[in-house]
Each structure stands twice: as C-alpha cells, then as structure tokens.
Amino acid sequence: MASSGLSQDQVFEVLKSPRRRYALYYLRREGGSAELSDLTEQVAAWENDTTPGELTTEQRKRVYISLYQTHLPKLDDADIVDYDEDSGEITLSRRARELDTYLGDVSRRELPWDRYYLALSLASIALVAGVWLEVYPFSTLSGLTATAIVLVVYGASALFQYLYYRHGAGQETPPELRRADSQ
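Here goes a summary of the coordinates provided. (Residues numbered from 1 in each chain as written. Predicted model: local features only at pLDDT ≥ 70, side-chain atom pairs only at ≥ 80, totals over all residues. Heavy atoms only, no water.)

### As for the overall build of the protein chain
Inference 1: Tallying secondary structure elements over the protein chain gives eight helices and three strands in all.
Inference 2: Its helices and strands in sequence order give the protein chain the pattern α-α-β-α-α-β-β-α-α-α-α, from N to C terminus.
Inference 3: Across the 183 residues in the protein chain, those meeting the buried criterion constitute 36%.
Inference 4: Long-range contacts, defined as pairs at least 24 residues apart, comprise 59% of the intrachain contacts of the protein chain with a sequence gap of at least 6.
Inference 5: Carbon and sulfur atoms make up 55% of the accessible area of the protein chain, which totals about 11200 Å². (Helix = DSSP H or I, 4+ residues; strand = E, 2+ residues; numbered from the N terminus. Buried < 20%, exposed > 50% of the residue type's maximum accessible area, 1.4 Å probe, protein only. Contact = heavy atoms within 4.5 Å. Areas by Shrake-Rupley, 256 points an atom, 1.4 Å probe, with all protein chains shown as cover.)

### Considering a nonpolar patch on the surface
Inference 1: Taken together, the side chains of Tyr116, Ile149 and Val153 define a hydrophobic patch exposed on the protein surface, amounting to about 220 Å² of accessible area.
Inference 2: Mapped onto the elements, tyrosine 116 comes out in helix 6 (residues 113-132).
Inference 3: Judged by relative accessible area, which is 36%, tyrosine 116 ranks as partly exposed. (Patch = residues over 30% accessible without salt bridge, like charges linked within 9 Å, V, L, I, M, F, W, Y side chains within 5 Å. Salt bridge = Lys/Arg side-chain N within 4 Å of Asp/Glu carboxyl O.)

### Structural notes on the packing of aromatic side chains
Inference 1: A complete count under the given rule lists seven aromatic pairs for this structure.
Inference 2: When the ring of tyrosine 22 is compared with that of tryptophan 46, the centres are 6.1 Å apart and the planes differ by 70 degrees; the resulting orientation is edge-to-face. Taken together, the positions of tyrosine 22 in helix 2 (residues 18-29) and tryptophan 46 in helix 3 (residues 36-47) put the pair 24 residues apart, joining distant regions of the chain.
Inference 3: Note on tryptophan 46: relative accessible area 7%, which makes it buried.
Inference 4: Arranged with centres 5.8 Å apart and planes meeting at 10 degrees, the rings of tyrosine 64 and tyrosine 68 form a pair that is stacked. One end of the pair is tyrosine 64 and the other is tyrosine 68, both in helix 4 (residues 57-77) and four residues apart, which spans about a single turn.
Inference 5: Pairwise contacts between aromatic rings join Tyr22, Tyr25, Tyr26 and Trp46 into one cluster. (Phe/Tyr/Trp six-rings, centres within 6.5 Å; stacked < 30°, edge-to-face > 60°.)

### Quick word on the pairing of strand 3 (residues 89-92)
Inference 1: Note: strand 1 (residues 33-35) against strand 3, three bridges, orientation antiparallel. By the bridge assignment for strand 3, glutamate 35 is matched with glutamate 89.
Inference 2: Direction of pairing for strand 2 (residues 81-84) relative to strand 3: antiparallel, over a ladder of four bridges. Counted as the bridge partner of valine 81 is leucine 92 from strand 3. (Pairing = 2+ DSSP bridges.)

### Structural notes on helix 3
Inference 1: Look at helix 3: 16 Å from first C-alpha to last across twelve residues, which is about the 16 Å you get at 1.5 Å a residue.
Inference 2: All of the buried residues along helix 3 are Leu36, Leu39, Thr40, Gln42, Val43, Ala44, Ala45 and Trp46.
Inference 3: In the stretch just after helix 3, aspartate 49 is the one whose phi turns positive, near 50 degrees. (Expected span 1.5 Å × (residues − 1).)

### Looking at the pairing of strand 2
Inference 1: Along strand 2, the buried face is formed by Val81 and Tyr83; none of Asp82 and Asp84, which line the opposite face, is buried.
Inference 2: Connecting strand 2 to the next strand, strand 3, in antiparallel fashion are four residues, including glycine 88 with a positive phi near 80 degrees.

### Regarding the pattern of salt bridges
Pairing between side chains becomes possible if they bear opposite charge and their charged atoms approach one another.
Inference 1: Summed over the entire model, instances satisfying the criterion amount to six salt bridges.
Inference 2: Across the salt bridge formed by glutamate 13 and lysine 16, the nearest N and O atoms sit 3.3 Å from each other.
Inference 3: You can call lysine 16 exposed: its relative accessible area is 55%.
Inference 4: Note that arginine 19 is salt-bridged to glutamate 47, the shortest N-O span being 2.6 Å. Remark: glutamate 47 occurs in helix 3 and arginine 19 occurs in helix 2; sequence separation between them is 28 residues.
Inference 5: Here arginine 19 falls in the buried class, since its relative accessible area comes to 14%.
Inference 6: The exposure class assigned to glutamate 47 is partly exposed, which follows from its relative accessible area of 30%.
Inference 7: Bridged by salt links that share partners, the residues Glu13, Lys16 and Lys74 form one connected network.

Now the structure itself:
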C-alpha cells in the first residue's frame with residue numbers, strides 16, 4: 001500500500017462494521033454513486049433478509065439514522081466516499097479502491113455501463129454519419145431505418161440494464177452474505 005494510502009488500522013476500523021461494508025458494496029454495484037434513500041433501502045433489506053418492498057418503516061429508519069449520523073460521516077472522514085449530507089448523494093472516492101481486496105469478490109466485474117453507452121453512442125454516430133454521407137454499406141439504409149435501429153438498440157439496452165439491476169445480478173447480496181447463504 002502506498003504511503004498516501006490507508007493504514008491497516010484505518011482499513012480495519014472502517015470495515016469492522018457490516019453496515020459500512022454493505023454500503024460500500026452497494027456503491028460499487030451501482031457504479032460508484034447513489035442516493036442515501038436508495039442505499040438505506042438496500043442495506044436494510046440485506047440486514048433483514050428481505051426485499052426493499054417488504055421493509056417496515058422501523059427497519060428503514062434504524063438503518064437511515066445510523067448511516068446518516070455515523071457510518072457515512074466515518075467513510076467521508078476517511079476519504080473513502082464523498083458524502084453530501086444536504087443532497088443525500090454519496091459517491092465513492094478514488095481511495096475506495098484501496099479496500100477492494102478486503103471486501104472480496106473483486107474478481108467478478110460489474111458491467112461497465114458507462115463504457116457500454118459510450119461505445120453505443122459512438123456506433124450510433126458512425127451509423128448516422130454513414131447514412132448521411134452515403135458510405136457503403138450504410139448508404140443502403142434510409143434515415144428512418146437508421147433512426148429506428150438506434151432507438152431499438154438504446155431501448156433494448158435500457159430494458160436489459162433495468163432487468164439486470166432489478167431482477168438479475170443487481171439484486172445479488174454482498175459476498176459475506178452469499179457465503180452465509182451457501183452454508
């Protein structure tokens with residue numbers, strides 16, 4: 001670990017709370033940022049072995065208060081997250097990567113949605129430019145067909161991403177909970 005990194009004592013202090021580990025896992029899973037309300041719901045669901053929709057108000061409130069008052073400020077003080085108390089926005093900092101080896105399951109890569117949509121945008125621009133400049137094989141497509149292709153691909157991508165996070169891999173539990181489930 002670099003001298004500017006977290007000390008081993010700091011790492012263990014930050015990660016000793018399961019609630020902080022769950023918060024970091026959720027933020028990693030969501031691409032590095034989330035709203036406090038969304039984070040609260042998922043952490044509470046994991047802790048209570050239920051779904052966010054089945055949580056009681058008391059379960060949500062208990063997790064919200066501890067995240068708001070204790071856990072997120074501690075992660076913010078350690079420069080692991082950037083936490084804006086006013087807006088409720090939480091973002092992983094670069095320093096959070098120092099914790100990956102301690103959090104486990106880093107070999108499973110999440111889909112890089114930002115890169116996927118960037119590539120999709122560049123491909124869409126190339127398609128539209130090819131049709132507009134009448135470059136073969138794009139010249140065989142009409143402008144309406146090219147527009148339909150772009151819209152269908154973006155729509156299908158958005159639907160897939162929604163299903164991925166709501167019903168598929170996005171509902172996975174943190175690694176330590178998966179290990180407990182498999183025993």
